[in-house]
Amino acid sequence: MRDPRAWSRVRGAVLGLVCVLALAAAAQVARAAPTVEKLGPHLYAYISDNDGSSNSTFLVRADGILVVDTGIDAHEGEKLLAAIRRISSAPVRYIVNTHYHPDHQGGNGVVGPHAVIISTAFTREATLRLMAQMEKRAASAKGAKFAFRPATLTFSKQIRVYLDGEPVEIYSTGPGHTMGDAAVYFPEEKAVATGDLFMNRSCPAMDKGSVSHWIHTLAWMLTLPAVHYVPGHFGLGTRKDVARFHAYLATLWEQVDAAYRGGVPVGQLASHLHLSAYSDFRQFPQYQATFVDNAKHVYRELETAKKGGAAKVGSGGSR
C-alpha cells in the first residue's frame with residue numbers, strides 16, 4: 001500500500017483481525033482433524049479444521065513441493081507440514097502467499113524455512129508493515145506463535161514456476177479481497193487455489209480492496225478449464241460454487257448500487273437487500289463478514305468512485 005495514510009486507516013482493523021483469528025484458531029484445536037483431498041495426479045488440497053486458519057494447496061513432484069498458503073501460526077504450520085510429510089519427504093521448495101493476512105502466511109517459517117516465498121509486491125510490503133506493527137503490539141497475538149517469512153520473490157503480473165517440468169501459473173489479480181491478491185492455477189491438475197477471492201457458501205471479509213474488480217477476477221477464474229477450486233476457507237469448491245459466489249457479489253453490487261443511486265443512507269442498507277437466494281451463506285460478524293458488512297463495503301466503494309470517477313463492475317484487468 002503506497003499511501004501511508006491509507007495503511008494507517010486499515011492497520012487497526014487488521015491488527016484486530018489478527019487477535020480474532022488467533023483466538024478462533026486456538027478455540028477450535030479440539031475439532032476434527034484437517035482433511036487432505038487429492039485433486040489430480042500430484043496435487044492436494046488441505047482443508048483446515050478451524051475457521052481461524054486458511055486452507056492450503058500443495059503440489060508434490062520428485063524434485064520438490066510447492067505450497068499455497070500455510071495457516072495462521074506455527075502450530076497450524078506444523079499440522080500442514082505433518083500432512084505433507086505423510087505423502088512425501090521431498091523438500092518444500094516454494095511457498096506462494098495469496099495475500100498478506102496472517103491466517104494465510106503465519107506458518108511460512110515452519111512449512112518452508114528455506115523455501116522461496118512468492119507473493120505480489122503489495123503483499124510483501126503489507127506483510128513487512130504488519131510484522132512491524134505486531135512487534136509493537138505483541139500482546140495482541142494472545143499467545144499465538146507466528147512464523148512469518150515475507151516474500152523473497154515478488155511479481156507484478158504473472159510468474160510461472162516449474163516443478164519436475166510441471167507448470168504452476170501464479171497471477172496477480174489486482175484489487176479484490178485486498179489491494180494485491182494472487183491466484184494460483186495448476187493447468188495439468190485442472191485446479192485453482194483462490195485464496196480468499198473465493199469463499200465457499202460464505203460471506204467474505206473485505207479488506208481495502210475492490211469489489212468491482214473482484215467480480216471481474218471471478219469471471220476470469222471461470223474461463224480457466226479448471227474442475228477444482230480451493231477456497232481460502234471451508235470446503236473444496238466446484239465451478240458451480242465459484243459461479244454462485246460470483247453471482248452473489250454481482251447481485252450485491254447491483255442492489256447496493258440501486259440503493260446508493262436512490263439516495264438511501266448507508267445505515268438503512270439492510271432493508272434494501274434481497275439476498276434470500278444466498279440464505280445458506282455463512283456470516284461472521286466477528287470478521288465483519290455479513291451481508292450488511294459486505295453491502296457497506298460496496299457503498300463506500302461507490303462513494304469513493306463518485307469522487308474520482310464512476311466504478312464499473314468488471315472494469316480493468318491485471319492479466
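Everything below is about the structure shown above.
Residues numbered from 1 in each chain as written. Predicted model: local features only at pLDDT ≥ 70, side-chain atom pairs only at ≥ 80, totals over all residues. Heavy atoms only, no water.

Novice: Let's hear about the overall build of the protein: which residues, and what values?
Specialist: In terms of regular secondary structure, the protein is built from seven helices and 12 strands. For the protein, with 319 residues in total, the buried portion stands at 58%. Accessible surface, the protein as shown: approximately 13100 Å² in total, 54% of it carbon and sulfur. (Helix = DSSP H or I, 4+ residues; strand = E, 2+ residues; numbered from the N terminus. Buried < 20%, exposed > 50% of the residue type's maximum accessible area, 1.4 Å probe, protein only. Areas by Shrake-Rupley, 256 points an atom, 1.4 Å probe, with all protein chains shown as cover.)

Novice: Which residues make up the environment of Asp181, and what values go with them?
Specialist: Among the secondary structure elements, Asp181 is positioned in strand S10 (residues 181–186). Exposure remark for Asp181: the relative accessible area of 2% places this residue in the buried category. The spacing of Asp181 and Gly209 is 28 residues in sequence and 9.0 Å in space, taken between C-alpha atoms. A polar contact is formed between the side chain of Asp181 and the backbone nitrogen of His177, at a distance of 2.8 Å. (Polar contact = N/O pair within 3.5 Å; in protein donor to acceptor, adjacent residues only side chain to side chain.)

Novice: Describe in detail the pattern of salt bridges, supporting the description with residues and values.
Specialist: Counted under the stated rule, the structure contains nine salt bridges. Between Glu76 and Lys79 there is a salt bridge; the shortest N-O distance is 3.2 Å. In this pair, Glu76 and Lys79 are both assigned in helix H2 (residues 74–85), three residues apart and thus about one turn of the helix distant. Accessibility classification places Glu76 together with Lys79 in one group, the buried group. Where Arg244 meets Asp280, a salt bridge forms, and the shortest distance between an N and an O atom there is 2.7 Å. Note that Arg244 is positioned in helix H6 (residues 239–261) and Asp280 in the loop between H6 and helix H7 (291–308), a separation of 36 residues in sequence. (Salt bridge = Lys/Arg side-chain N within 4 Å of Asp/Glu carboxyl O.)

Novice: Quick rundown of the nonpolar core? Include the residues and the values.
Specialist: Formed by 43 residues in total, the largest nonpolar core has its most connected members in Phe245, Tyr248, Leu249, Leu252, Val256 and Phe291. For this core, the secondary-structure elements that each account for two or more residues are S10, helix H5 (211–221), H6 and H7. For this core, the element with the highest residue contribution is H6, accounting for 10 residues. The residues touching Tyr248, leaving out its near neighbours within four places in the chain, are Cys203, Pro204, Leu275, Tyr278, Phe281, Phe291 and Asn294. Of all hydrophobic cores here, the second largest spans 23 residues; its members include Leu59, Val96, Val161 and Leu236. (Core = buried A, V, L, I, M, F, W, Y, C linked by side-chain atoms within 4.5 Å. Contact = heavy atoms within 4.5 Å.)

Novice: Please set out the pairing of strand S11 (residues 191–195) residue by residue, giving values where relevant.
Specialist: With five of five residues buried, S11 lies mostly within the body of the structure. Alternating positions in S11 separate into two faces, Ala191, Ala193 and Gly195 on one and Val192 and Thr194 on the other, with burial throughout. Here S10 pairs with S11 via three bridges, running antiparallel. For Val184, the partnering residue across the bridge sits in S11 and is Ala193. Connecting the antiparallel pair S10 and S11 is a turn made up of four residues, with Lys190 showing a positive phi of about 55°. With four bridges connecting them, S11 and strand S12 (residues 228–231) associate as parallel partners. Across the sheet, residue Ala193 finds its bridge partner in S12, namely Val230. Crossover S11 to S12 through H5 is right-handed. (Pairing = 2+ DSSP bridges. Right-handed = clockwise from strand over helix to strand, strands pointing away.)

Novice: Quick one: what's the story with the packing of H5 against H6, residue by residue and with numbers?
Specialist: Interhelical geometry of H5 versus H6 gives an angle of 155° and a closest axis separation of 10 Å. Relative to H6, the element H5 is oriented roughly antiparallel. Of the two elements, H5 crosses H6, and the hand of that crossing is left-handed. Residues Val211, Ser212, Trp214, Ile215, Leu218 and Ala219 of H5 form the contact with H6, whose participating residues are Val242, Phe245, His246, Leu249, Ala250 and Trp253. Of the residues in the contact of H5 with H6, the class split is 10 nonpolar, two polar and no charged. (Axes fitted to C-alpha atoms, helices over the stretch in contact; angles between N-to-C directions. Parallel < 35°, antiparallel > 145°, perpendicular 65-115°, else oblique. Left-handed = near helix turned anticlockwise from the far one by under 90°. Nonpolar A, V, L, I, M, F, W, Y, C, P; charged D, E, K, R; others polar.)

Novice: Go over the sheet that holds S10, please, and point to the residues and values.
Specialist: With mixed pairing, five strands are arranged side by side in an open sheet as S8-S9-S10-S11-S12. With one partner strand each, in any of the chains shown, strand S8 (158–163) and S12 form the two edges of the open sheet. Averaged over neighbouring strand pairs, the angle between their axes works out to 20° when direction is ignored. Running over the sheet, H5 touches strand S9 (166–174), S10, S11 and S12 and is turned about 160° from S9.

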